[in-house]
Amino acid sequence: NSMTIRDGETGELFWRCLKWNEDENNVVEIPAKILESKVVSRETTFTSKRQINDFNIVQRVLLEHKIPNAAHLLNWICLEEWSFHFGFVIPGSTNTWQSVVVAADRSEAAGSEGFNPRDAVLVIETNFYDGKKFISKSIVNVRYA
């Protein structure tokens, strides 16, 4: 379905995709200005053709970062892992999920020294479940422009 990413305080639109490709890896380009935002809001709209009794999501945010002076080497860092529980989903329904992320102070951000967003790829891996039964996976590669 669709996804929108905004500054959570001002509402400024950073990125929007009105037709989301659910079965493939998605590559998105977001302005590096988003890294200056204290609060980022993400809204996802999805449709379920079938009933889901215990819908839940596990999402990992990974950072692929080129190591300075060794551009051929990559460093993977798991920045965060979140679990979201929705419960029952009506068959044939369209649903909206909004998440808000509040950034840590720069002094608290792990590994931010020497970080250049144009040299990094943020990978968001989202796994969807009905209870413990795996339904599908979405991989989003975020590049900063």
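Below is a short write-up of the structure. (Residues numbered from 1 in each chain as written. Predicted model: local features only at pLDDT ≥ 70, side-chain atom pairs only at ≥ 80, totals over all residues. Heavy atoms only, no water.)

1. Observations regarding the pattern of salt bridges
Any two side chains of opposite charge can pair, given that their charged atoms come close. Evaluated as defined, the whole model comprises three salt bridges. Notably, a salt bridge pairs Lys33 with Glu12, separated by 3.2 Å at the nearest N-O pair. You can see Lys33 sitting in the loop between β3 (26–30) and β4 (39–48) and its partner Glu12 sitting in the loop between β1 (2–7) and β2 (13–17), a full 21 residues away along the chain. The exposure class of Lys33 is partly exposed, given its relative accessible area of 43%. Given a relative accessible area of 32%, Glu12 falls into the partly exposed group. Each of Arg60, Glu125 and Lys137 takes part in a single network of salt bridges with overlapping partners. (Salt bridge = Lys/Arg side-chain N within 4 Å of Asp/Glu carboxyl O. Helix = DSSP H or I, 4+ residues; strand = E, 2+ residues; numbered from the N terminus. Buried < 20%, exposed > 50% of the residue type's maximum accessible area, 1.4 Å probe, protein only.)

2. Here we look at the side chain of Ser41
The topology assignment puts Ser41 in strand β4. Engagement of the side chain of Ser41 in a polar contact is seen with the side chain of Gln98, the distance being 2.8 Å. Excluding its chain neighbours within four sequence positions, the residues that come into contact with Ser41 are Thr4, Ile5, Arg6, Gly8, Gln98, Ser99 and Val100. (Polar contact = N/O pair within 3.5 Å; in protein donor to acceptor, adjacent residues only side chain to side chain. Contact = heavy atoms within 4.5 Å.)

3. Comments concerning the environment of Ile52
Inspection of the secondary structure puts Ile52 in strand β5 (residues 52–67). Using a relative accessible area of 6% as the deciding quantity, one classes Ile52 as buried. As a C-alpha pair, Ile52 and Ile135 span 83 residues in sequence and 9.8 Å in three-dimensional space.

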